[in-house]
Amino acid sequence: MEVPLMDLKTQYFDLRDDLLQAVDDALTSMQLNLGPNVQAFQEEFAQYCGSKYARGVGNGTEAIFFALEALGVGPGDEVITTAWTFFATIETIVHAGAAPVIVDINPDTYTLDPEEVADAITDKTRAVVPVHVFGHPADMDAILSITQPKGIAVIEDAAQAHGAKYKGKRVGSIGDAGTFSFYLTKNLGGYGEGGMITTSSDEVEDQIGLLRNHGHRSKYEHEIFGYNGRLDEIQAAMLRVKFRYLEEWNQTRRRLAAMYDERLADLPVETPYEAEWAEHVYHLYTIRTDRRDDLSAAFEEAQVGHSMHYRAPGHIQPACAPYNLASVELPVTTELAQRVIQLPMHPLLKEEEIDYVCDVIRKALA
Ligand SMILES: *Cc1c(COP(=O)(O)O)cnc(C)c1O
């Protein structure tokens, strides 16, 4: 047997007729600049998240960057975030002209530790970017109770958590803005690049509208120096087809995660944690073990797809050298970097495949 980490081809063939029809309709209409699919998808996505607005942008990285800019982050500011994330979270803070301040994470949820955030706040702190990493929400109330009295903005990086819930609310609707990626492999992925920003603030929505479209207030008027950062109409057309299945796929991921949990319960590995206030959407199914090398060797041998996010967390990346982040003490992040490994997880994963993966783990650790 061979069990891939994910299976995007089979999913494409399942949806092929609808996807190709959606593309053909979009091309036939030839309304390809912020056309009817982008408009409708924004409405649908905002409603789903429980935000007043959703605005489609070029990708998830640009979504974070525009949210930072729209919330006034710039040179001289500090932005607090985690190293336990895809590098884009840190990259965009630097592109906005601010200094990234990296703090440690909670050892169970892997998301920003609110006490660490509180300790890192200075007069220069302008924003905090919690990441709902692997699909588990950050403890938003604890973070907001620290930031709100100080007027510090909160941007939720929800690139891995479309549909996840925090105390019954969808992620992306809780902070000042939420940012999403529709990269191929995400829980909701297109077939190219795409991103979305959610917000319930009229001012943030207005700024995003200008930033993503050359500062256009109207056809011949450029109010600010913006960017070419619109969500592509063809991607939006395909994303709307897939969006209809997001909730079902997330529930399937949760069911598959429970199967893994059960089969791994008596083995010397730690399975993912779900806080009682959280609804995890298992973008990645991550286990912890002191014998990761043995496991990865066994997976290679048995053709089981796996990954090790984040074996090299953001703060130790060569690009961060000018910010002296490598010397920051992050005991939880550092320990996890050596112990985590991800197992195959996608909505088409079969029970027999989970059995096979768990058998490989059992034998490798025997
Ligand atoms: C994927 C991802 C991004 C970037 O999204 P792109 O669409 O690839 O630009 C940002 N943050 C996190 C946590 C991600 O997983």
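Residues numbered from 1 in each chain as written. Predicted model: local features only at pLDDT ≥ 70, side-chain atom pairs only at ≥ 80, totals over all residues. Heavy atoms only, no water.

What about the site of the ligand?
In step 1: Of all residues adjacent to the ligand, which total 15 residues, the nearest are Gly60, Thr61, Asp157, Ser181 and Lys186.
In step 2: At 2.5 Å, a side-chain N or O of Thr61 approaches an oxygen atom of the ligand.
In step 3: Bound to the protein, the ligand loses 93% of the 380 Å² it would expose on its own.
In step 4: Among the secondary structure elements, those contributing two or more residues to the shell around the ligand are helix 3 (60-70) and helix 4 (88-95). (Near = heavy atom within 4 Å. Polar contact = N/O pair within 3.5 Å; in protein donor to acceptor, adjacent residues only side chain to side chain. Areas by Shrake-Rupley, 256 points an atom, 1.4 Å probe, with all protein chains shown as cover. Helix = DSSP H or I, 4+ residues; strand = E, 2+ residues; numbered from the N terminus.)

So, the packing of aromatic side chains
In step 1: Enumeration over the complete set of coordinates arrives at 22 aromatic pairs.
In step 2: Considering the side-chain rings of Phe45 and Tyr48, the 6.5 Å spacing of their centres and the 45 degrees angle between planes classify their relative orientation as tilted. You can see Phe45 and its partner Tyr48 sitting in helix 2 (residues 36-49), 3 residues apart, about one turn around the helix. Considered together, Phe45 and Tyr48 belong to a single accessibility category, that of buried residues.
In step 3: Here Tyr260 and Tyr285 contribute two aromatic rings whose centre-to-centre distance is 4.6 Å and whose plane-to-plane angle is 25 degrees, an arrangement assigned as stacked. Remark: Tyr285 occurs in strand 13 (residues 285-288) and Tyr260 occurs in helix 9 (residues 246-264); sequence separation between them is 25 residues. No difference in accessibility class separates Tyr260 from Tyr285, as the two residues are buried. (Phe/Tyr/Trp six-rings, centres within 6.5 Å; stacked < 30°, edge-to-face > 60°. Buried < 20%, exposed > 50% of the residue type's maximum accessible area, 1.4 Å probe, protein only.)

As for the sheet that holds strand 9 (residues 195-199)
In step 1: Read from one edge to the other, the open sheet built from 7 strands follows the order 1-9-8-5-4-2-3, with strand pairing classed as mixed. This sheet does not close on itself; its edge strands, each paired only once, are strand 1 (53-57) and strand 3 (99-103). Averaged over neighbouring strand pairs, the angle between their axes works out to 25 degrees when direction is ignored.
In step 2: Taken together, the 2 bridges between strand 4 (residues 125-129) and strand 5 (residues 153-157) define a ladder with parallel strand orientation. Bridge pairing in strand 5 links Ala127 to Ala153.
In step 3: Running at roughly 155 degrees to strand 5, helix 6 (residues 140-147) makes contact with strand 4 and strand 5 of the sheet. (Pairing = 2+ DSSP bridges. Axes fitted to C-alpha atoms, helices over the stretch in contact; angles between N-to-C directions. Contact = heavy atoms within 4.5 Å.)

What to know about the domain arrangement of the protein
One frequently used descriptor of interface size is the decrease in accessible area upon assembly of the parts.
In step 1: By domain assignment, the protein separates into domain 1 (8-103 + 111-243) and domain 2 (246-364).
In step 2: The distance between the C-alpha centroids of domain 1 and domain 2 comes to 24 Å.
In step 3: Every contact between the two is made by 38 residues of domain 1 and, on the other side, 35 residues of domain 2.
In step 4: Each partner contributes to the roughly 2,900 Å² buried at the junction of domain 1 and domain 2, and carbon and sulfur atoms together form 66% of this total.
In step 5: When the buried area of domain 1 at its contact with domain 2 is split by residue, Trp84, Phe134 and Asn187 rank highest and sum to 27% of it.
In step 6: Linking domain 1 with domain 2 are 1 salt bridge.
In step 7: In this structure, the salt-bridge partner of Arg170 is Glu247, at a minimum N-O distance of 3.4 Å.
In step 8: At the surface where domain 1 touches domain 2, the tally comes to 17 residue pairs in polar contact (both at pLDDT 80 or more). (Domains from an automatic or database assignment. Buried area = accessible area lost by both parts, 1.4 Å probe. Salt bridge = Lys/Arg side-chain N within 4 Å of Asp/Glu carboxyl O.)

Some thoughts on helix 6
In step 1: Residues Met140, Ile143, Leu144, Ile146 and Thr147 constitute the buried set of helix 6. Relative to the axis of helix 6, the buried residues are bounded by an arc of 160 degrees and lie together on one face. (Arc of directions from axis to C-beta.)

Details of unusual backbone geometry
In step 1: Cis geometry is adopted by the peptide bond preceding Tyr310, which originates at His309 and carries an omega value of 0 degrees.
In step 2: The topology assignment puts Tyr310 in the loop between helix 10 (292-302) and helix 11 (331-339).
In step 3: In the Ramachandran plot, Tyr110 falls in the positive-phi region, its phi being about 70 degrees despite a non-glycine side chain.
In step 4: Of note in the backbone geometry, Asn324 takes a positive phi value of approximately 50 degrees without being a glycine.
In step 5: Counting through the fold element by element, Asn324 comes out in the loop between helix 10 and helix 11.
In step 6: In this structure Asn324 comes out as exposed when scored by relative accessible area, which is 57%.

Some thoughts on the pairing of strand 3
In step 1: Within strand 3, 4 of the 5 residues are buried, which leaves it mostly tucked inside the rest of the structure.
In step 2: In this sheet, strand 3 lies alongside strand 2 (residues 78-82) in parallel orientation, the contact comprising 5 bridges. Bridge pairing links Glu78 to Ala99 in strand 3.
In step 3: With respect to chirality, the unit in which strand 2 leads through helix 4 into the neighbouring parallel strand 3 is right-handed. (Right-handed = clockwise from strand over helix to strand, strands pointing away.)

A short note on the nonpolar core
The tendency in soluble globular proteins is for nonpolar side chains to be buried side by side.
In step 1: Counting 28 residues, the largest nonpolar core has Tyr260, Leu264, Tyr285, Ile287, Phe299, Leu343 and Ile361 as its most contacted members.
In step 2: Secondary-structure elements contributing two or more residues to this core are helix 9, strand 13, helix 10, strand 14 (340-343) and helix 12 (351-364).
In step 3: The biggest single contributor to this core is helix 12, with 6 residues.
In step 4: Those residues within four positions of Phe299 in sequence are excluded, and the remaining contacts are Val304, His306, Ile341, Leu343, Val357, Val360 and Ile361.
In step 5: Counting residues in each nonpolar core, the second largest holds 23 residues, with Phe66, Ala70, Ala153 and Val204 among its members. (Core = buried A, V, L, I, M, F, W, Y, C linked by side-chain atoms within 4.5 Å.)

Concerning the packing of helix 2 against helix 8 (residues 233-243)
In step 1: Direction vectors running N to C along helix 2 and helix 8 enclose 40 degrees, while the axes themselves pass 8 Å from each other. Viewed along their axes, helix 2 and helix 8 adopt a mutual orientation that is oblique. Crossing of helix 2 over helix 8 shows left-handed handedness. Side by side, helix 2 and helix 8 meet where Pro36, Asn37, Val38, Ala40, Phe41, Glu44, Phe45 and Tyr48 of the first sit next to Glu233, Ala236, Ala237, Leu239, Arg240 and Phe243 of the second. (Parallel < 35°, antiparallel > 145°, perpendicular 65-115°, else oblique. Left-handed = near helix turned anticlockwise from the far one by under 90°.)

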